[in-house]
Structure formats: C-alpha cells, structure tokens
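Here's the letter readout for the chains.
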Amino acid sequence: MSAEPLSQKEIEERLADLPGWSVESGRLTRAYRLPSHADAAAFVAHIARVQDELNHHSELTLGYNTVRLTVSTHDAGGALTGKDFELADRVEGAAGGRGAV
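Residues numbered from 1 in each chain as written. Predicted model: local features only at pLDDT ≥ 70, side-chain atom pairs only at ≥ 80, totals over all residues. Heavy atoms only, no water.

Engineer: Mind showing me how you'd approach the pairing of strand 4 (residues 66-71) here?
Structural biologist: The two faces of a sheet get side chains in turn, since along a regular strand they alternate between them. Pairing of strand 2 (residues 27-33) with strand 4, which is carried by six bridges, proceeds in the antiparallel orientation. Bridging across to strand 4, Ala31 finds its partner in Arg68. In terms of strand pairing, strand 3 (residues 59-62) meets strand 4 through four bridges, oriented antiparallel. Residue pairing for strand 4: Glu59 is matched across the bridge by Thr70. The turn linking strand 3 back onto strand 4 is made up of three residues. (Pairing = 2+ DSSP bridges. Helix = DSSP H or I, 4+ residues; strand = E, 2+ residues; numbered from the N terminus.)

The following block contains the structure:
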C-alpha cells in the first residue's frame, strides 16, 4: 500500500465505507465498546497482530471494555494514506465477530 498522502476527497470517499470512523486532528480514529475487559484486551491483541502483518502501527488505548485506535502514516509526514485505511478495514472486519460496537 502506498504511503502517498490522500486528498481530502479520497479521505471522504474512504470514510464513507467505514461507519464509526472519523478524522480527528488529521488522524483516522475509532473507538469500540466490547462486552467485557477480557474481550477488549483480546481485541487489542488481535489488532497488534494485524499491525505487525501490515507493518503499520497505530496508537491503541485499552479501557475497561473499550478500545480506541488512532492512526496516521509517519512516513508521509503524519498524513493519511492508503495504509491507514487498509488497517482500518482489517480492524473493522474483525470487530463485529468480537461483539465490538
């Protein structure tokens, strides 16, 4: 996936396919609520494996039963790139099966 910054139009188009995700302070962001703390911790571990597979890492915050993910591409000066949306797609794909909302 390219590390070229996306245009505002490209970002808006890609966000339309990611309900619950938003751009805050120039970073792609999503918070999930899970059934329990153990479920949230397991989801964080899953996200960490996906990040390693993609070699693209985000800020992850684990709360009692919440997980917050914030991502941008350092190689692109902190801009949003296709890498960020690929990670978001993979995380979103796994969220529903874990009871995350």
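Engineer: How should I be thinking about the pattern of salt bridges in this particular structure?
Structural biologist: Any two side chains of opposite charge can pair, on the condition that their charged atoms come close. Within this structure, the stated rule accounts for six salt bridges. A salt bridge links Lys9 to Glu13; the shortest N-O distance between them is 3.9 Å. In this pair, Lys9 and Glu13 are both assigned in helix 1 (residues 8-15), four residues apart and thus about one turn of the helix distant. Classification of Lys9 by relative accessible area gives exposed; the value is 58%. Among the residues examined, Glu13 registers a relative accessible area of 45% and is labelled partly exposed. In this structure, Arg68 engages Glu24 in a salt bridge whose closest nitrogen and oxygen atoms are separated by 2.8 Å. Linking Arg68 in strand 4 with Glu24 in strand 1 (residues 22-24), this pair joins segments that are 44 residues apart in sequence. (Salt bridge = Lys/Arg side-chain N within 4 Å of Asp/Glu carboxyl O. Buried < 20%, exposed > 50% of the residue type's maximum accessible area, 1.4 Å probe, protein only.)

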